[in-house]
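# Summary of structural features
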Amino acid sequence: MSREQAAAAMERQARACADMDAALYANLLSRAADDVRAGGPCATVITGYEDADADALVSLRLLGGVHALVLSGRAPELARFYPSAGGAYGAADAPACWAAFRAVVEADHDTLRGWLRRPPQTNEVGRANLLLAGLLHAVHEVGGLPVRLVELGASAGLNLRVDRFRVEASGFARGPADSPVRLPDAWRGGPPHWLREAAAAYPELTVVERLGCDVTPLDPGTPDGALALRAYLWPEHTARAARLAGALELARRVPARVVAVGAAEFLAGLAPRPGALTVVWHSVMRQYVPAAEWVRVAAELARLAAEGGTGAPVAHLFFEPHPVGGPRFQLRARVGAGPERLLAEAHPHGLPAWTA
């Protein structure tokens, strides 16, 4: 039964990959599911993880480990099918690609077991599109105070440099023209009026602090950290890889601090700062936080909002899955003790977004 549960989880993830233009991963996971049922190398490598909760995303951990081997030059036969490594993949390549993948899983069992112990961390740069929109909304609401950017589940903290990214949409551009991170076609049908107004009112933002937390943070300045970030991107999504490369470059220029601690404990040590807007942000991370801890997170967010007041306001922005599921993700915001507002919806990777 455990193998069947793991195989079914792989098949669900395969369908999700197919829906998000990742045919290579959809093929590999469909075949890996069959391999698990048959007791093959994929079954062996995930031993002990068969009953893992769906939110653990064991399938993506396995794929990330294999991708790291490809990017490191340790799987040349498989690399020829991975666009991220200069290869190419088409439907006719499915059998050969699977054979090469299965051989890597069998040969590099110990390496891949190590990857199963680490949660997927894409630190998706496209989601900064929503962070910037919510940030401008909050800054406009409080009259243009300097900003403290605070991110929960920050991974490598790449999106803490959001003010240095270039966001572009029909009739709209925001951020340095020479930024190495470009987010084109950011808004379907153009950005909403409230974003245009906020961007016009505050063409420049003053960010006085960039701080995040993560249970297992990655250091984007190290080879291992950069490899992990690249490995968890899907190999066919070359535009995402280009954004990540630019964000890694910015990370070398613009300091940010990410501490190794859970969200509730981190917020318990946080206080509003007089004369600054504290923006607490998270994106597609709530699913990884145990329910009991999230109760504490909510209590700390309420405390911060109450303590902040007009002289040291606190905003809570979050980009998380739609409450009823499906492909839509939502940007919501609460500034101070005001009501929570739905600002926008977007593709799970943040591009494009549209008015809710």
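Details of the structure are given in the entry above.
Note that the structure is predicted; figures quoted are calculated from it, not measured.

## A closer look at helix α13 (residues 291–308)
Look at α13: 26 Å from first C-alpha to last across 18 residues, which is about the 26 Å you get at 1.5 Å a residue. Taken as a whole, α13 has its buried residues at E293, W294, V297, E300, L301, L304, A305 and G308. Axial view of α13: buried residues confined to an arc of 140°, hence all on one face. Turned more than 90 degrees off the buried face of α13, the exposed positions are A291, A292, V295 and A306. Close packing links the buried residues of α13 with β1 (147–152), α12 (263–268), β7 (277–283) and β8 (314–321). Two residues or fewer after α13 comes G309, characterised by a positive phi angle close to 65°.

## A look at the packing of helix α1 (residues 2–19) against helix α4 (residues 58–71)
Where α1 contacts α4, the axes come no closer than 9 Å and their chain directions differ by 75°. Between α1 and α4, the crossing angle belongs to the class labelled roughly perpendicular. Along its contact with α1, which presents A9, M10 and Q13, the element α4 presents S59, L60 and L62.

## Concerning the pairing of β7
Buried residues dominate β7, accounting for 7 of its 7 residues. Sheet analysis places β1 next to β7, joined by 5 bridges and oriented parallel. Note that in β7 the partner of V147 across the bridge is L277. As paired strands, β7 and β8 are joined by 6 bridges and run parallel to one another. Note on β8: the bridge partner recorded for H282 is F318. Each parallel crossover has a hand, and the one from β7 via α13 to β8 is right-handed.

About the criteria used
Residues numbered from 1 in each chain as written. Predicted model: local features only at pLDDT ≥ 70, side-chain atom pairs only at ≥ 80, totals over all residues. Heavy atoms only, no water. Helix = DSSP H or I, 4+ residues; strand = E, 2+ residues; numbered from the N terminus. Expected span 1.5 Å × (residues − 1). Buried < 20%, exposed > 50% of the residue type's maximum accessible area, 1.4 Å probe, protein only. Arc of directions from axis to C-beta. Contact = heavy atoms within 4.5 Å. Axes fitted to C-alpha atoms, helices over the stretch in contact; angles between N-to-C directions. Parallel < 35°, antiparallel > 145°, perpendicular 65-115°, else oblique. Pairing = 2+ DSSP bridges. Right-handed = clockwise from strand over helix to strand, strands pointing away.

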